[in-house]
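Listed below, chain by chain, are the residues.
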Amino acid sequence: MADSFTTTNRFFDNKHYPRGFSRHGDFTIKEAQLLERFGYAFNELDAGKRQPVTAEEQQFVAVCHGVREPVTEQEKVWAKYLVRTRRPKKFHTLSGGKPQADVVEDYTDSDD
């Protein structure tokens, strides 16, 4: 991996992880370090902005295109990152759905 994924840029995702990868809780410390150190290269390879140079990078691109399953730590952490950032956001409300109209009952107190 010495020649693979070389980059001088650190990777940060301020949109999805404004406090950093390690502080959010989705990734382990090791995964967060991998993303920060190599995420810029991962992103460029995934987007096609950078051509794979080594066999390891070619396998990584194959994982990004869905040709093969992730095997290495780098492939697994990038796949995990993509799942976390591309899934629709869930939100919870305190109401049970649509507001219901109040039903008014005719009540009479009679002993008929």
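Residues numbered from 1 in each chain as written. Predicted model: local features only at pLDDT ≥ 70, side-chain atom pairs only at ≥ 80, totals over all residues. Heavy atoms only, no water.

- Under the annotation held in an unreviewed UniProt entry, the protein carries the name Macrodomain Ori protein and is attributed to Serratia symbiotica str. Tucson.
- Under the UniProt heading Sequence similarities (unreviewed entry), the note attached to the protein is "Belongs to the MaoP family." (UniProt positions renumbered as here; feature names shortened; annotations may be inferred.)

1. Side note on the packing of aromatic side chains
The geometry of an aromatic ring pair is captured by two quantities: the separation of the ring centres and the angle between the planes.
And then number 1: If you walk through the whole model with that rule in mind, you get 14 aromatic pairs.
And then number 2: Between the aromatic rings of F5 and F42, the centroid separation amounts to 5.0 Å while the plane-to-plane angle is 85°, which identifies the pairing as edge-to-face. In this pair, F5 is assigned in the segment before α1 (21-24) and F42 in helix α2 (residues 29-47), connecting sequence segments 37 residues apart.
And then number 3: Each ring, one from Y17 and one from F21, has its centre 5.3 Å from the other, and the planes form 50°; the classification is tilted.
And then number 4: According to the relative accessible area criterion, Y17 is buried, its value standing at 4%.
And then number 5: Residue F21 is classed as buried on the basis of its relative accessible area of 1%.
And then number 6: A connected cluster of aromatic rings, assembled from ring pairs, spans F5, F11, Y17, F21, F27, F38, F42, F60, W78 and Y81. (Phe/Tyr/Trp six-rings, centres within 6.5 Å; stacked < 30°, edge-to-face > 60°. Helix = DSSP H or I, 4+ residues; strand = E, 2+ residues; numbered from the N terminus. Buried < 20%, exposed > 50% of the residue type's maximum accessible area, 1.4 Å probe, protein only.)

2. Concerning the packing of helix α3 (residues 55-64) against helix α4 (residues 73-86)
And then number 1: Interaxial distance between α3 and α4 falls to 10 Å at its minimum, and their mutual angle equals 30°. Here α3 is positioned roughly parallel relative to α4, judged by the angle of their axes. Relative to α4, α3 is oriented so that their crossing is right-handed. Here E56, Q59, F60, V63 and C64 of α3 lie close against α4, whose contacting residues are Q74, E75 and W78.
And then number 2: For the contact of α3 with α4, a count of residues per class yields four nonpolar, two polar and two charged. (Axes fitted to C-alpha atoms, helices over the stretch in contact; angles between N-to-C directions. Parallel < 35°, antiparallel > 145°, perpendicular 65-115°, else oblique. Left-handed = near helix turned anticlockwise from the far one by under 90°. Contact = heavy atoms within 4.5 Å. Nonpolar A, V, L, I, M, F, W, Y, C, P; charged D, E, K, R; others polar.)

3. Quick look at the pattern of salt bridges
Pairing between side chains becomes possible if they bear opposite charge and their charged atoms approach one another.
And then number 1: The full count for this structure, using the stated rule, is seven salt bridges.
And then number 2: Across the pair R86 and D46 runs a salt bridge, and its minimum N-O distance is 3.7 Å. With R86 in helix α4 and D46 in helix α2, this residue pair connects regions lying 40 residues apart in the sequence.
And then number 3: You can call D46 buried: its relative accessible area is 17%.
And then number 4: For the salt bridge of E75 with R68, the shortest nitrogen-to-oxygen distance reads 2.9 Å.
And then number 5: Residue E75 is classed as buried on the basis of its relative accessible area, which comes to 1%. (Salt bridge = Lys/Arg side-chain N within 4 Å of Asp/Glu carboxyl O.)

4. Let's talk about the packing of α2 against α3
In a pair of packed helices, the angle between the axes and the distance between the axes together describe the arrangement.
And then number 1: In the contact formed by α2 and α3, the axes pass within 9 Å of each other and the chain directions differ by 65°. In this structure, α2 crosses over α3, and the sense of that crossing is right-handed. Between α2 and α3, the residues in contact are F42, L45 and D46 and E57, F60, V61 and C64, respectively.
And then number 2: Grouping the amino acids of the contact of α2 with α3 by side-chain chemistry returns five nonpolar, no polar and two charged.

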